[in-house]
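Listed here are the chains, written in short residue letters.
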Amino acid sequence: MDSIEKIAVPMLIMQAISVVFLWTINTLPIDGQTIFLMFLSADFLAFGLIAHVWLSNKTGTPARKTTLYVWGLAVVVFLAAGFVAA
């Protein structure tokens with residue numbers, strides 16, 4: 001597996017999980033809106049990470065590992081915060 005697949009596969013799984021929960025959340029109460037924003041943030045950050053890795057691979061400059069770890073940690077934090085708030 002190359003570096004894109006190592007990042008893309010877990011991020012796509014996280015995106016699938018967050019999208020499933022986005023579909024099931026009632027956004028009328030304020031708590032529902034907060035949870036929705038947490039899952040949506042995780043989804044957007046995961047997409048951004050996939051795009052960053054793909055673009056850096058396309059241009060020939062490898063993505064720094066610290067950037068990938070921090071970005072991945074941010075995705076996990078938002079996803080976990082959505083579960084805790086639910």
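Residues numbered from 1 in each chain as written. Predicted model: local features only at pLDDT ≥ 70, side-chain atom pairs only at ≥ 80, totals over all residues. Heavy atoms only, no water.

Trainee: I tried to follow the packing of aromatic side chains on my own but got confused; where do I start?
Mentor: The relation between two aromatic rings is expressed through the spacing of the ring centres and the mutual angle of the planes. Using the criterion set out here, one finds 3 aromatic pairs in the structure. Here the aromatic rings of F21 and F39 are separated by 5.3 Å at their centres, their planes lie at 15°, and the arrangement is stacked. A residue pair is termed long-range when its members are at least 10 positions apart, and F21 in helix α1 (residues 3–24) and F39 in helix α2 (residues 30–59) qualify at 18 residues. Consider the rings of F39 and F83, whose centres lie 5.3 Å apart with planes at 75°: the pair is edge-to-face. One end of the pair, F39, is in helix α2; the other, F83, is in helix α3 (residues 65–85), and 44 residues separate them in sequence. Residue classification places F83 among the partly exposed residues on the basis of a relative accessible area of 40%. Connected via pairs of aromatic rings, a cluster forms that spans F21, F39 and F83. (Phe/Tyr/Trp six-rings, centres within 6.5 Å; stacked < 30°, edge-to-face > 60°. Helix = DSSP H or I, 4+ residues; strand = E, 2+ residues; numbered from the N terminus. Buried < 20%, exposed > 50% of the residue type's maximum accessible area, 1.4 Å probe, protein only.)

Trainee: Teacher, can you tell me more about the nonpolar core here?
Mentor: Generally speaking, soluble globular proteins have nonpolar side chains that are buried together. The biggest cluster of nonpolar side chains holds 15 residues, and the ones touching the most others in it are I7, M11, F39 and L49. With 7 residues, α2 is the single largest residue contributor to this core. Once residues within four sequence positions are removed from consideration, L49 is found in contact with I7, M11, L68, W71 and G72. (Core = buried A, V, L, I, M, F, W, Y, C linked by side-chain atoms within 4.5 Å. Contact = heavy atoms within 4.5 Å.)

Trainee: Where do I start with the packing of α2 against α3 in this structure?
Mentor: The packing of two helices is summarised by the inter-axis angle and the distance between the axes. Packing of α2 against α3 brings their axes to within 8 Å, and their N-to-C directions diverge by 160°. The orientation of α2 with respect to α3, classified from their angle, is roughly antiparallel. In the packing of α2 onto α3, the handedness of the crossing is left-handed. From α2, I35, M38, F39, S41, A42, L45, A46, G48, L49, H52 and V53 reach across to α3, where they touch T67, L68, W71, G72, A74, V75, F78, L79, A81, G82, F83 and A85. Considering only residue class, the contact of α2 with α3 consists of 17 nonpolar, 6 polar and no charged. (Axes fitted to C-alpha atoms, helices over the stretch in contact; angles between N-to-C directions. Parallel < 35°, antiparallel > 145°, perpendicular 65-115°, else oblique. Left-handed = near helix turned anticlockwise from the far one by under 90°. Nonpolar A, V, L, I, M, F, W, Y, C, P; charged D, E, K, R; others polar.)

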